[in-house]
Amino acid sequence: MTKTQTTQTAVAEYVTAVIGGQLFGLPISRVQDVFMPERLTRVPLSPNEIAGVLNLRGRIVTVIDMRARLGLPKNDDGKPPMAVGVDLRGESYGLLIDQIGEVLTLPDDGREENPVNLDPRMAKLAGGVHRLDGQLMVVLDVDRVLEIAPAQLAA
């Protein structure tokens with residue numbers, strides 16, 4: 001690839017995660033860290049999408065169960081879940097996922113609108129898709145994923 005081609009092709013980096021067998025991509029600019037959630041404390045009367053809170057290096061992190069958020073059944077494969085740390089307006093959140101993947105660098109022009117046949121629960125949290133080799137990567141819109149939390153936690 002020549003230098004001129006490289007500068008013209010805008011790319012985005014995604015941290016990939018698997019939730020319920022579906023590949024998702026989170027914009028790397030939004031990801032703070034990846035961790036194993038330990039000592040999760042349930043929050044009384046919180047929606048089932050809120051898995052609980054935990055202390056991560058001195059910060060209180062609200063953990064969101066992405067399976068519940070997407071309307072998927074609980075994971076029963078016995079493997080411990082992973083969490084992707086994200087921030088929104090100074091608050092820390094952990095998105096509970098089944099498995100963390102690799103970082104992918106994909107061209108912006110390869111990103112497509114949500115397909116009409118995309119599961120509506122995924123579509124409302126998705127900011128587009130990338131078609132990879134035989135697999136669809138749904139780009140998670142972190143702001144939309146976290147929309148439930150502030151309004152419902154404040155109630």
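Per an unreviewed UniProt entry, the protein is named Purine-binding chemotaxis protein CheW, and its organism is Bradyrhizobium canariense.

Strand order across the open sheet formed by six strands is S8-S1-S2-S11-S10-S9, with mixed pairing between neighbours. Every other strand in the sheet has two partners, leaving strand S8 (99–107) and strand S9 (111–112) as the edge strands with one partner each.

The next subject is the pattern of salt bridges. Under the definition given, this model contains ten salt bridges. Residues Asp 87 and Arg 59 are paired through a salt bridge, measuring 3.7 Å at the closest nitrogen-oxygen approach. Here Asp 87, found in strand S6 (residues 82–88), pairs with Arg 59, found in strand S5 (residues 59–65); they are 28 residues apart in sequence, far enough to count as distant.

Further remarks concern the sheet that holds S6. The five strands lie next to each other as S3-S6-S7-S5-S4, forming an open sheet whose pairing is mixed. A single partner strand is all that each edge strand has here, and the edge strands are strand S3 (31–35) and strand S4 (50–56). For this sheet, the mean angle separating the axes of adjacent strands, direction not counted, is 30 degrees. Both S3 and S6 contribute to a ladder of four bridges, which runs antiparallel. In the strand pairing of S6, Val 31 is matched with Val 86.

In summary, the side chains of a regular strand alternate between the two faces of the sheet. The pairing of strand S1 (residues 11–19) with S8 spans seven bridges and is antiparallel. Residue pairing across strands places Ala 12 opposite Leu 106, the latter belonging to S8. Direction of pairing for S1 relative to strand S2 (residues 22–27): antiparallel, over a ladder of six bridges. Its bridge partner lying in S2, Tyr 14 is registered against Pro 27.

This brings us to the nonpolar core. Judged by nonpolar contacts, the single largest core of 27 residues is most densely connected at Leu 26, Met 66, Val 86, Leu 95 and Leu 146. Listing elements by their share of this core, those giving two or more residues are S1, S2, S6, strand S7 (91–97), strand S10 (126–132), strand S11 (135–140) and helix H4 (142–145). Here this core gets four residues from one element, more than from any other, and that element is S6. If you look at the next biggest cluster of nonpolar residues, it comprises eight residues, including Phe 35, Ala 51, Val 61 and Leu 96.

Glancing now at the side chain of Gln 22. With respect to the helices, strands and loops of the structure, Gln 22 is situated in strand S2. The exposure class assigned to Gln 22 is buried, which follows from its relative accessible area of 19%. A polar contact is formed between the side chain of Gln 22 and the backbone oxygen of Leu 136, at a distance of 2.7 Å. Apart from residues lying up to four places away in sequence, Gln 22 is in contact with Ala 17, Met 122, Leu 136 and Val 138.

Once that is clear, we can look at the environment of Ala 12. In this structure, Ala 12 sits in strand S1. Owing to a relative accessible area of 18%, Ala 12 belongs among the buried residues under this scheme. Residues Ala 12 and Pro 107, spaced 95 residues apart in sequence, show a C-alpha to C-alpha distance of 6.2 Å.

Mapped onto the elements of the fold, Ser 92 is located in strand S7. You can call Ser 92 buried: its relative accessible area is 8%. Between the C-alpha atoms of Ser 92 and Val 61, which are 31 residues apart in sequence, the distance is 5.0 Å. Excluding its chain neighbours within four sequence positions, the residues that come into contact with Ser 92 are Arg 59, Ile 60, Val 61, Thr 62, Val 86 and Asp 87. Polar contacts involving the side chain of Ser 92 include one to the side chain of Arg 59, which spans 2.9 Å.

Calculation criteria
Residues numbered from 1 in each chain as written. Predicted model: local features only at pLDDT ≥ 70, side-chain atom pairs only at ≥ 80, totals over all residues. Heavy atoms only, no water. Pairing = 2+ DSSP bridges. Helix = DSSP H or I, 4+ residues; strand = E, 2+ residues; numbered from the N terminus. Salt bridge = Lys/Arg side-chain N within 4 Å of Asp/Glu carboxyl O. Axes fitted to C-alpha atoms, helices over the stretch in contact; angles between N-to-C directions. Core = buried A, V, L, I, M, F, W, Y, C linked by side-chain atoms within 4.5 Å. Buried < 20%, exposed > 50% of the residue type's maximum accessible area, 1.4 Å probe, protein only. Polar contact = N/O pair within 3.5 Å; in protein donor to acceptor, adjacent residues only side chain to side chain. Contact = heavy atoms within 4.5 Å.

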